[in-house]
Amino acid sequence: MSMLARRAVLRAVPRARNFAATAGKTSYREQQEATIAHAAETTELWRKISFFVCLPAIAVCTLWVRNVEAEHEAHQKHLIEENGGKLPEPPAYEYLNRRAGGPFPWGMNTLFFNPKVNKDMSKTDEE
C-alpha cells in the first residue's frame, strides 16, 4: 500500500477524542481518595521503619562507639602511665603541621586547638 493510500485510510477512520474528563476511568474524587490512602500506607511504613530499624541501629552504633572510645581512653591512660605522666611526643614528620602562608593571625595553633589532643605549635616555634 502506498503512503498516500495509507494516509487516506487512517484519516477516514473515526478517532475517539480524549478529553481530560473522559481520559481516566476513575473520577477526580476517587483519585484523591486513592492518593490519601496511599499516603497513609506510606506514612505507616516509614513509621515502622523508623521505630523497628533506625532506632535499634542508632542504639547499636551508640554502644559500639562507647566501647571503642572506652578502649581508646584506657590506651591513653596506659601511655601516660608508661611515660611518667605525659603523653609521648609525636614524631616530628616534616610533612605535618605546615603553615604555607605563615602563622594564623592569632598564633600558630588553629582555632580548634585542644592541648590534650593536639600538638602545641607555638612551643615548637620557640624551640
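Keep in mind that this is a model prediction, so the values were computed, not measured.

> Quick question: what am I supposed to make of the overall build of the protein here?
Looking only at helices and strands, the protein features 4 helices and 0 strands. Tracing the protein from N to C terminus, the helices and strands come up as α-α-α-α. Relative to its full complement of 127 residues, the protein shows a buried share of 2%. Carbon and sulfur atoms make up 61% of the accessible area of the protein, which totals about 12,100 Å².

> Can you help me understand a nonpolar patch on the surface in this one?
Together, Phe 51, Phe 52, Val 53, Leu 55 and Ile 58 give the surface a local cluster of nonpolar side chains, amounting to about 550 Å² of exposed area. Relative to the elements of secondary structure, Val 53 occurs in helix H3 (residues 28–82).

> Got a minute to help me understand the pattern of salt bridges in this structure?
Pairing is possible between side chains that carry opposite charge, provided their charged atoms lie close to one another. Counting across every chain of the model gives 2 salt bridges. Measuring nitrogen to oxygen at the nearest pair gives 3.6 Å for the salt bridge that ties Lys 77 to Glu 73. Linking Lys 77 with Glu 73, this pair stays in helix H3, spanning 4 residues, or about one helical turn. Under the relative-accessibility criterion, Glu 73 is labelled partly exposed at 45%.

> Looking at this model, I keep getting lost on the packing of aromatic side chains. Mind explaining?
The description of an aromatic ring pair uses the distance of the two centres, along with the angle that the planes make with each other. In total, this model carries 1 aromatic pair according to the counting rule given. Note on Phe 104 and Trp 106: the rings are 5.1 Å apart at their centroids and 5° apart in plane angle, and the pair reads as stacked. Phe 104 sits in the partly exposed class, given a relative accessible area of 29%. Judged by relative accessible area, Trp 106 falls into the partly exposed class, the value being 47%.

> Is there a simple way to explain H3 in this structure?
Owing to its 3.6 residues per turn, the α-helix brings residues three or four apart onto one side. Across its 55 residues, H3 extends 78 Å between first and last C-alpha, which sits within 8% of the 81 Å expected from 1.5 Å per residue. Along H3, the sharpest change in direction is near 35° and occurs at Ser 50. Gly 84, located one to two residues past H3, shows a positive phi value of around 70°.

> Help me understand the confidence of the model for the protein, please; the structure alone is not making it clear to me.
Low-pLDDT portions of the prediction should not be read for the details of their coordinates. Scored by pLDDT, the protein comes out at a mean of 85, with 87% of its residues at no less than 70. For the protein, helix H2 (residues 20–23) is the element with the lowest average pLDDT, namely 56, and H3 is the one with the highest, namely 96.

> When you look at the side chain of Asn 109 in this model, what are you seeing that I'm missing?
For Asn 109, the position within the fold is in the loop between H3 and helix H4 (121–126). When near neighbours in sequence (up to four residues on either side) are disregarded, Asn 109 contacts Phe 104, Lys 119, Asp 120, Met 121 and Ser 122.

Cut-offs applied
- Residues numbered from 1 in each chain as written.
- Predicted model: local features only at pLDDT ≥ 70, side-chain atom pairs only at ≥ 80, totals over all residues.
- Heavy atoms only, no water.
- Helix = DSSP H or I, 4+ residues; strand = E, 2+ residues; numbered from the N terminus.
- Buried < 20%, exposed > 50% of the residue type's maximum accessible area, 1.4 Å probe, protein only.
- Areas by Shrake-Rupley, 256 points an atom, 1.4 Å probe, with all protein chains shown as cover.
- Patch = residues over 30% accessible without salt bridge, like charges linked within 9 Å, V, L, I, M, F, W, Y side chains within 5 Å.
- Salt bridge = Lys/Arg side-chain N within 4 Å of Asp/Glu carboxyl O.
- Phe/Tyr/Trp six-rings, centres within 6.5 Å; stacked < 30°, edge-to-face > 60°.
- Expected span 1.5 Å × (residues − 1).
- Bend = angle between axes of the 7 residues up to and from the residue.
- pLDDT = per-residue confidence, 0-100.
- Contact = heavy atoms within 4.5 Å.

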